Amino acid sequence: MTDIKLNHLAIVVDDMEAALRFWRESLGLQQAGEIESVPAEAVDIAFLSLGDAHIELIQPTTDDSGVAKYLAKRGPGMHHLCLEVANLDAKLEELSARGYELINETPRGRDGRRYAFIHPSSTGGVLLELYEKI
């Protein structure tokens, strides 16, 4: 048994309101809270409830952020997979010791959670976020 579970799937969008309309009206998903601005990441985010997990919609708020560059290069669509872990520091140490490339060697944090990203070159092409509730 593992202590890892799916937290959310993130989708980068160029129009938050249009994306929310689709997920809420066409599929009946409930929005979990208000749209949140995250200045440190230069994004607005909205979460939609999906059982024990969420779908996170991400819209860049500047033209030069990492998410904006991702959107310009790849267009709207799947951005990352987020897995919740019990001990983020231990998991990052383990992955680093195994030679996997960490985007964030030191976790970032906000609103009672800590997170770090693992580079897609280490995960078979998927940007992976590891997340810990504190």
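Scroll up to find the structure this text is about.
Here is what the cut-offs are and how they apply
In this numbering scheme, every chain counts its residues from 1 along its sequence in written order. Selection of residues for local features in this predicted model requires a pLDDT of at least 70, selection of side-chain atom pairs for listing and counting requires 80 or more, and totals for whole chains, interfaces and linings are taken over all residues. The side-chain figures draw on all heavy atoms in the structure; neither hydrogens nor water molecules are used. The secondary structure listing takes helices from DSSP runs of H or I that are at least 4 residues long and strands from runs of E that are at least 2 residues long, numbered from the N terminus. This radius of gyration counts C-alpha atoms alone. The globule rule is 2.2 Å times how many residues there are, raised to the power 0.38. What makes two residues a contact is simply this: any of their non-hydrogen atoms within 4.5 Å. Positive: Lys, Arg. Negative: Asp, Glu. His and the chain ends are not part of the count. Lysine's charge is taken at NZ, arginine's at CZ, aspartate's at CG and glutamate's at CD. Grouping buried Ala, Val, Leu, Ile, Met, Phe, Trp, Tyr and Cys residues that are joined through side-chain atoms within 4.5 Å yields what is termed a nonpolar core. A 1.4 Å probe rolled over the protein chains alone gives each residue an accessible area, and that area as a share of the maximum for its type sets the label: buried under 20%, exposed over 50%, partly exposed in between. Planes of paired rings set the category: under 30 degrees apart is stacked, over 60 is edge-to-face and the rest tilted, where pairs are Phe, Tyr or Trp rings (Trp by its six-membered ring) whose centres lie within 6.5 Å. Note: two strands are recorded as paired if DSSP finds a minimum of 2 bridges between them. Orientation is described by axes fitted as lines to C-alpha atoms, over the contacting stretch for helices, and by angles from 0 to 180 degrees between their N-to-C directions.

J.: Give a detailed account of the overall build of the chain, specifying residues and quantitative values.
T.: Scanning the chain from terminus to terminus reveals 3 helices and 8 strands. When the elements of the chain are put in sequence order from the N terminus, they spell out β-α-β-β-β-α-β-α-β-β-β. Against the compact-globule benchmark of 14 Å for 134 residues, the chain has a radius of gyration of 15 Å, which places it among compact chains. Over its C-alpha atoms, taken along the principal directions, the chain stretches across nearly 45 × 35 × 25 Å. A separation of at least 24 residues holds for 50% of the contacts in the chain among residues at least 6 apart in sequence. Distance between charge centres in the chain, computed from 13 positive and 22 negative side chains, equals 3 Å.

J.: Outline the nonpolar core, supporting the account with residue identities and numerical values.
T.: With 11 residues, the main nonpolar core is built from Ile 11, Val 13, Met 16, Ala 19, Leu 20, Trp 23, Leu 29, Ala 46, Leu 48, Ile 55 and Leu 57. Looking at this core, the elements that each hand over two or more residues are helix 1 (16-26), strand 3 (43-50) and strand 4 (53-60). Beyond its immediate stretch of four places on either side in the chain, Leu 48 contacts Leu 20, Trp 23, Arg 24, Leu 29, Gln 30, Gln 31, Ala 32, Ala 53, His 54, Ile 55 and Leu 57. Core analysis: the second largest hydrophobic core is formed by 10 residues, Val 12, Val 43, Phe 47 and Ile 58 among them.

J.: Talk me through the packing of aromatic side chains; I want residue IDs and the actual numbers.
T.: Two numbers describe a pair of aromatic rings. These are the distance of the centres and the angle of the planes. Here the structure, examined in full by the defined rule, presents 2 aromatic pairs. Plain terms: the ring middles of Phe 22 and Trp 23 are 5.2 Å apart, the flat faces sit at 85° to each other, and that makes the pair edge-to-face. Residue Phe 22 is classed as partly exposed on the basis of its relative accessible area, which comes to 40%. Ring centres of Tyr 115 and Phe 117 lie 6.2 Å apart, and the angle between their planes is 85°; this geometry places the pair in the edge-to-face category. Taken individually, Tyr 115 and Phe 117 each receive the classification buried, so the pair is uniform in this respect.

J.: So what's going on with the side chain of Arg 113? Residues and values would help.
T.: Here Arg 113 lies in strand 7 (residues 113-118). Relative accessible area serves as the criterion here: at 16%, Arg 113 is assigned to the buried category. If we skip the residues at most four places from it in the chain, Arg 113 touches Glu 36, Arg 108, Tyr 131, Glu 132, Lys 133 and Ile 134.

J.: Which residues make up the sheet that holds strand 5 (residues 77-84), and what are the values?
T.: The strand order across the open sheet formed by 8 strands is 2-3-4-1-5-8-7-6, and the pairing between neighbours is mixed. Only two strands of the sheet have a single neighbouring strand rather than two, namely strand 2 (36-38) and strand 6 (108-110). Going from strand to strand, the sheet's axes swing by 30° on average, the running direction of each strand aside. Sheet analysis places strand 2 next to strand 3, joined by 3 bridges and oriented antiparallel. Bridge assignment links Glu 36 to a residue of strand 3, and that residue is Ile 45. Packed on one face of the sheet, helix 3 (residues 88-97) meets strand 7 and strand 8 (128-133) and runs near 15° to strand 7.

J.: Tell me about unusual backbone geometry, residues and numbers included.
T.: Despite not being glycine, Ala 42 shows a phi value in the positive range, around 55°. Tracing the backbone through its elements, the reader meets Ala 42 in the loop between strand 2 and strand 3. With relative accessibility at 12%, the residue Ala 42 sits in the buried group. In this structure, Asp 111 takes a positive phi of about 50° despite not being glycine. Relative to the helices and strands, Asp 111 resides in the loop between strand 6 and strand 7. Residue classification places Asp 111 among the exposed positions, given a relative accessible area of 55%.

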